[in-house]
Amino acid sequence: MKRKQGDNTDKPRSSAYDKALGLLARREQSKRELRRKLDQGDYASEESDAALARLGDQRYQDDERFAAMLLRNRASQGYGPARIRMELKTHGLTDAAIRLLLDEAEVDWQANAAAQLRRRFGGKPAVDRAEQGKRAQFLLRRGFAAATVRYATHAEVDEADE
């Protein structure tokens, strides 16, 4: 059988630790995310466990640091706390850890919601109730709380009345 150019079948397979470390070198990842990728790579469960434990001991992998990075990233992209909470849950973080992280986050959710309205709909205020509802639905889909949505959509109307 003819080998394709660049096909290096003689190359030894990297260890689970090396594979996970390489993934972490690209970007922060949750423990659950690394576990899934190692499982896809057909590494033995014991080898994956040992690799993840070693990475945790060395502080190369830290779910708290990952969660803080994801929160900052998603908040800067204009997502609200509910959406961020759901994403963090998919990464295996506990409800208590997520609640603490969101409580300590220095994010002005109301200003963030208002900025998203301006970005999506421009500076023009809603012309009628239907348009106001459309804007509220947009913010709710992005994960903002109902009180924040009410504030942002009513603040927009109040600004137009001035």
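Residues numbered from 1 in each chain as written. Predicted model: local features only at pLDDT ≥ 70, side-chain atom pairs only at ≥ 80, totals over all residues. Heavy atoms only, no water.

(A) Main features of the pattern of salt bridges. Enumeration according to the criterion identifies seven salt bridges in this entry. Between Glu28 and Arg65 there is a salt bridge, and its shortest N-O distance comes to 2.7 Å. Here the residue Glu28 occupies a position in the loop between α1 (16-26) and α2 (31-40), and Arg65 occupies one in helix α4 (residues 63-76), the gap between them amounting to 37 residues. Since its relative accessible area comes to 22%, Glu28 is described here as partly exposed. Linking Arg35 and Asp49 is a salt bridge whose minimum nitrogen-to-oxygen distance equals 2.2 Å. Placement of Arg35 in helix α2 and of Asp49 in helix α3 (residues 45-57) is noted, with a sequence separation of 14 residues between them. Take Arg35: its relative accessible area is 23%, and that puts it in the partly exposed class. Since its relative accessible area comes to 38%, Asp49 is described here as partly exposed. (Salt bridge = Lys/Arg side-chain N within 4 Å of Asp/Glu carboxyl O. Helix = DSSP H or I, 4+ residues; strand = E, 2+ residues; numbered from the N terminus. Buried < 20%, exposed > 50% of the residue type's maximum accessible area, 1.4 Å probe, protein only.)

(B) Molecular detail of unusual backbone geometry. Non-glycine residue Asp42 carries a positive phi angle of around 60°. Relative to the helices and strands, Asp42 is located in the loop between α2 and α3. Judged by relative accessible area, which is 63%, Asp42 ranks as exposed. Positive phi values are uncommon outside glycine, yet Arg59 reaches one of about 65°.

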